[in-house]
Structures are given as structure tokens and as C-alpha cells.
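Structural description and commentary
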Amino acid sequence: MNRRVDWTAHIVLLLGVALFVLPVWLVFAGATQDPAAIDRGELSLLPDLRGFGVYADILRHGVPGAAPIWRMLLVSFGMALSIAVGKIAISLLSAYAVTFFRFPFRMLCFWTIFITLMLPVEVRIIPTYAVMAGFGLINTFTGLTVPLIASATATLLFRQVFLVVPDELVEAARMDGAGPWRFFRDILLPVSTANIAALFVILFVYGWNQYLWPLLVATDPRLDTIVIGIVKMIGTDVAVPWNKVMATSVLALLPPIAVVLLMQRWFVKGLTEGDK
């Protein structure tokens, strides 16, 4: 009976893997094929070994009418990294403040942060754009990243981590003469390492996949992210070079995959670790 259950689980898992991997494999194989054949719907499941030069070609020359691929990858990487690091830094400090400091309207600040979770992005995006325009940050890397840095979700997560820190540990640190910064650096950061790693992976992928905000705030082609670049490549008036579009899509997958693989152990630990 147990063996039957195990086989069922494996079959379901294999079907799930096939469901996710097949589209990616089609993109990988299509990048090496003739764009005219792809236009006709003649997409083969097997890659053409003679077509792998398309990757070097798009990295060197890009696509007419779009920013160089290497620049779009660099902008996306910088944006994703800035958003992930900024969200974690601000959320750590915000959670630290509302958990351990006693100041007027502390809970009001906490509930204000919490309420922002109920506002969809579409509701906030026009006021955010107006603020960025007022500061003259349209078509700047700062305007591209700063509005996406604040994170109520991360603040709530770190607050829950800090709440389970024993009061005895807080008192012991105070008796040893540890100030607020030293307590934060030497005690809270170490117990939050796994959560920081897990959040970094999630937030990096979130920043990498941003589309709506970069589309609004960055009309300068030099600030095109790789996601925006792919959409522009498809929306051209001329014949779409589908092999180059697919090759660009494969390249766009590599950085987030690398981050997930490199931080996989910490990512799983941060999601499954309960008690601190």
C-alpha cells in the first residue's frame, strides 16, 4: 500500500515537472531554429545545433530597435538586487522599531504598515508615479527602484521572528551594556539569517520580473529591463525574430535560476525553520 502511494506521488511530481519544463524546453529549442519556420508554427522539439550562435549574436549586437541585451540584463540585475537588499534592510529596521522600542503611536505605525497589504499595486501606482515625477525621478535608476523598496510583508515576517526572542535574552544584553545597535547586530541579525536568505531569493525574483512600474517610470531605452526588452522585441512592426526573442528569454531566466540554486539550502531553511 505504501509503495503504491509513493508511486502515485512520484507520477504526480513528474507530471508537474513536465508541465513546467516543457514550455521552457520549447523556448530553448526554438531559439536555435529558423524564425520563419517558427512563424509558420513549425517548431521542433529538438534544438538545431547550428543555431546556438544566436546567443553570442544577440549579446554582441542585440536586436534592432531595442537596447543591447547585456545592458537590459545589467539594468534588471541592478534593479532586482537593489529592491531585494533595500526591502530587507528597511524591513529589518522597521520590525526592530515596532517590536523593541516603546514610542508614541507605535501600534498605529504597525497597523498603518499592515493596512498597506490590502491596497493592490494598481491603486498605489498612480500616486507613486506622481510623487516620483514631483521629485524629478522619472527616467532615473532611483525612480526605478526606490518606490518598490518598502515591504509590509517582510516587515511583518521579521516582526514575528523578533517576537519569539526571549525576554531573558533582551535583559541579559541590556545588563551586559549592549546598546540598541549592538543588540540588533549581534543578536537579532544572526537569528534572522535564514529568513533573510529566503526573503532575498523571493524579492530578487520579484524585482527581476517587474513589468508595470518600469514600463511607466522609465521611457528611456537605456533603462529598459530585460522583461520590457522582450515585450518591445515582440511588439515591433517588422517581422518578429522569434529565435532571438526566445534566446533573450532563455538568458533572462539564467540570473534568477542562479540565485535560487546558489541559495537553495538557506532558502529552504528560511521557509521551514520554525523556532528560533
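One structure accompanies this document, and this report is about it. What you see is a predicted model, and the numbers here were worked out from it, not measured in a lab.

Definitions and limits used
Residues numbered from 1 in each chain as written. Predicted model: local features only at pLDDT ≥ 70, side-chain atom pairs only at ≥ 80, totals over all residues. Heavy atoms only, no water. Helix = DSSP H or I, 4+ residues; strand = E, 2+ residues; numbered from the N terminus. Rg over C-alpha atoms; globule rule 2.2 N^0.38 Å. Buried < 20%, exposed > 50% of the residue type's maximum accessible area, 1.4 Å probe, protein only. Contact = heavy atoms within 4.5 Å. Lys, Arg positive; Asp, Glu negative; His and termini not counted. Charge placed at Lys NZ, Arg CZ, Asp CG, Glu CD. Core = buried A, V, L, I, M, F, W, Y, C linked by side-chain atoms within 4.5 Å. Phe/Tyr/Trp six-rings, centres within 6.5 Å; stacked < 30°, edge-to-face > 60°.

For the chain, the helix and strand inventory stands at 15 helices and zero strands. The globule rule puts the C-alpha radius of gyration for 276 residues at 19 Å, and the 23 Å found for the chain is more than 25% above it. By principal-axis analysis of the C-alpha atoms, the chain measures approximately 75 × 65 × 30 Å. For the chain, the proportion of its 276 residues judged to be buried stands at 36%. Restricting the contact set of the chain to residue pairs at least 6 apart, pairs at least 24 apart contribute 75%. Considering the chain, the positive charge centre built from 20 side chains and the negative charge centre built from 17 side chains are found 3 Å apart.

To continue, consider the nonpolar core. Judged by nonpolar contacts, the single largest core of 44 residues is most densely connected at Ile69, Phe158, Phe162 and Ile226. Counting only elements with at least two residues in this core, the list comes to helix 3 (53-61), helix 4 (69-100), helix 8 (152-163), helix 9 (167-175), helix 10 (180-191), helix 11 (193-208), helix 13 (226-234) and helix 14 (242-262). In terms of residue count, the dominant contributor to this core is helix 4 (nine residues). Excluding residues within four positions of it along the chain, Ile226 makes contact with Ile69, Met72, Leu73, Ser76, Trp208, Thr248 and Ala252. In terms of nonpolar packing, the next biggest core, distinct from the first, is built from 11 residues, Met79, Ile125, Leu144 and Leu148 among them.

Turning our eyes to something else, we now look at the packing of aromatic side chains. Within this structure, the stated rule accounts for 16 aromatic pairs. Ring geometry for Phe100 and Phe162: centres 6.1 Å apart, planes at 45°, overall tilted. In this pair, Phe100 sits in helix 4 while Phe162 sits in helix 8, placing the two residues 62 residues apart along the sequence. Classification of Phe100 as partly exposed rests on a relative accessible area of 24%.

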